[in-house]
Amino acid sequence: MTRLAIIGSGDLGQHIAHHAVQDEKYKVVGFFDDYEVKGTLKNQILILGAIAEVEDMFRKGDFDCLMIGIGYKHIKVRRELYEKLSGKIPFATLIHSSSYIDSSAEIGEGCFILPGCTVDKHVKIGANVLLNVGAVVSHDTQVDNHCFLSPSSSIAGKAHIKECCIIGINSTIIDNITIEPFIQIAGGTVVIENLTISGMYAGVPAKLKKRF
Ligand SMILES: CC(C)(COP(=O)(O)OP(=O)(O)OC[C@H]1O[C@@H](n2cnc3c(N)ncnc32)[C@H](O)[C@@H]1OP(=O)(O)O)[C@@H](O)C(=O)NCCC(=O)NCCS
């Protein structure tokens, strides 16, 4: 059985561990976490050590693949860790068996696709992306590295969501839209034009509420 280690033992790390065991049949060997005590258990899963120990423990053969369980509130840390470790350690890609992934779609490494998602024809999902429950990515859309799609968010066809965007719960992005990097869409927002300024957008239609 493939042995998975997860960076971060908080909510997202626990969520990955849950589905990795229940659905994907990985063996979760433990968490790397700078804020927990090495050798202790968290929800019956071992704390393997600090994040600085990841590469050494992989070289020693303690696990086979890795995922990052650091959530959207720390998206830059998530990106930095992925960029540091990619190419050195294989990343797992967890796709829940209840999600529909069209055979023409491409999904990058390190992605976590939760139950009930739809990824349609010729969609490209980059690396280290999370699609939360029921997210819909329609035909020919591209979602770049490190993005987070919240539950029931829907992206229509031929859109391009650039890296490190956070798409809020139940938001809608109409077709042919481009969203530039580091943009956050609040829950329930409807995006009907390209978004170019990095910041938080909310409302129907989407308006810039905060610049980052
Ligand atoms: C966007 C969000 C993160 C709040 O961000 P924030 O930076 O703390 O924003 P604030 O609460 O300070 O709100 C700033 C403005 O945006 C408005 N706003 C925030 N969220 C909004 C929403 N979902 N819809 C409409 N307006 C919203 C506020 O009313 C406020 O407007 P004002 O300046 O006119 O008074 C939060 O409101 C949200 O929508 N979260 C979605 C979370 C989600 O998808 N979770 C799923 C994770 S699995």
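This one's a predicted model, so the numbers in the text were calculated from it and none came from an experiment.

## Side note on the pairing of strand S23 (residues 199-202)
Step number 1: Here strand S21 (residues 184-185) pairs with S23 via two bridges, running parallel. By the bridge assignment for S23, isoleucine 185 is matched with tyrosine 201.
Step number 2: Inspection of the sheet shows S23 paired to strand S24 (residues 207-211) by four bridges, in the antiparallel sense. If you follow tyrosine 201 over to S24, its bridge partner there is leucine 208.
Step number 3: Between the antiparallel neighbours S23 and S24 lie four residues, among them glycine 203 with a positive phi of about 100°.

## Looking at the packing of aromatic side chains
Step number 1: One pass over the structure, following the stated rule, counts four aromatic pairs.
Step number 2: Look at phenylalanine 32 and phenylalanine 63: their rings are 5.7 Å apart centre to centre, the planes differ by 65°, and that puts the pair in the edge-to-face class. Separated by 31 residues along the polypeptide, phenylalanine 32 in strand S2 (residues 27-32) and phenylalanine 63 in the loop between helix H2 (54-59) and strand S5 (65-68) bring together distant segments of the chain.
Step number 3: Taken together through their ring pairs, the aromatic side chains of Phe32, Phe58 and Phe63 make up a single cluster.

## Description of helix H1 (residues 11-22)
Step number 1: An ideal rise of 1.5 Å per residue puts 16 Å on 12 residues; H1 measures up with 16 Å between its terminal C-alpha atoms.
Step number 2: Among the residues of H1, Leu12, Gly13, Gln14, Ile16, Ala17, His19 and Ala20 are the ones counted as buried.

## Quick word on the side chain of aspartate 102
Step number 1: The topology assignment puts aspartate 102 in the loop between strand S7 (100-101) and strand S8 (106-107).
Step number 2: Buried charge aspartate 102 goes without a salt bridge, the closest partner of opposite sign being lysine 121 at 7.7 Å.
Step number 3: Within the structure, aspartate 102 has its side chain in polar contact with the side chain of serine 104 (distance 2.6 Å).
Step number 4: Discounting chain neighbours no more than four positions away, the residues touching aspartate 102 are Val119, Asp120 and Lys121.

## Concerning the site of the ligand
Step number 1: Every one of the 14 residues lining the ligand counts as a neighbour, but Ser150, Ile169, Ala186, Gly187 and Lys210 are closest to it.
Step number 2: Contacts to the ligand include serine 150, whose side-chain N or O atom sits 3.3 Å from an oxygen atom.
Step number 3: Within the contact set of the ligand, an oxygen atom lies 2.8 Å away from a side-chain nitrogen or oxygen of lysine 210.
Step number 4: When the ligand sits alone it has 910 Å² of accessible area, and the protein chains cover 46% of it.
Step number 5: Listed by contribution, the elements that provide at least two residues to the shell around the ligand are S23 and S24.

## A short note on the domain arrangement of the chain
Step number 1: With domains assigned, the chain is organised as domain 1 (3-85) and domain 2 (94-211).
Step number 2: Just the C-alpha atoms count here: the centres of domain 1 and domain 2 sit 24 Å apart.
Step number 3: With 19 residues of domain 1 at the contact, the number on the domain 2 side is 21 residues.
Step number 4: Counting the surface lost from both domain 1 and domain 2, the interface buries some 1,800 Å², and carbon and sulfur atoms represent 68% of this.

## Looking at the nonpolar core
Generally speaking, nonpolar side chains in soluble globular proteins are found buried as a group.
Step number 1: The biggest cluster of nonpolar side chains holds 28 residues, and the ones touching the most others in it are Ile125, Leu131, Val143, Leu149, Ile161 and Ile179.
Step number 2: Leave out the neighbours within four places in its chain, and isoleucine 179 touches His160, Ile161, Lys162, Cys165, Ile173, Ile185, Val191 and Leu195.
Step number 3: Core analysis: the next-biggest nonpolar cluster, separate from the first, contains 22 residues, Ile16, Ala20, Ile45 and Phe112 among them.

## Concerning the pattern of salt bridges
Step number 1: Under the criterion given, the structure shown has nine salt bridges.
Step number 2: For arginine 3, the salt bridge identified is with aspartate 64, shortest N-O distance 2.8 Å. Linking arginine 3 in strand S1 (residues 3-7) with aspartate 64 in the loop between H2 and S5, this pair joins segments that are 61 residues apart in sequence.
Step number 3: It is possible to trace a salt-bridge network through shared partners that takes in Glu55, Lys84 and Lys88.

What counts and what doesn't
Residues numbered from 1 in each chain as written. Predicted model: local features only at pLDDT ≥ 70, side-chain atom pairs only at ≥ 80, totals over all residues. Heavy atoms only, no water. Pairing = 2+ DSSP bridges. Helix = DSSP H or I, 4+ residues; strand = E, 2+ residues; numbered from the N terminus. Phe/Tyr/Trp six-rings, centres within 6.5 Å; stacked < 30°, edge-to-face > 60°. Expected span 1.5 Å × (residues − 1). Buried < 20%, exposed > 50% of the residue type's maximum accessible area, 1.4 Å probe, protein only. Lys, Arg positive; Asp, Glu negative; His and termini not counted. Salt bridge = Lys/Arg side-chain N within 4 Å of Asp/Glu carboxyl O. Polar contact = N/O pair within 3.5 Å; in protein donor to acceptor, adjacent residues only side chain to side chain. Contact = heavy atoms within 4.5 Å. Near = heavy atom within 4 Å. Areas by Shrake-Rupley, 256 points an atom, 1.4 Å probe, with all protein chains shown as cover. Domains from an automatic or database assignment. Buried area = accessible area lost by both parts, 1.4 Å probe. Core = buried A, V, L, I, M, F, W, Y, C linked by side-chain atoms within 4.5 Å.

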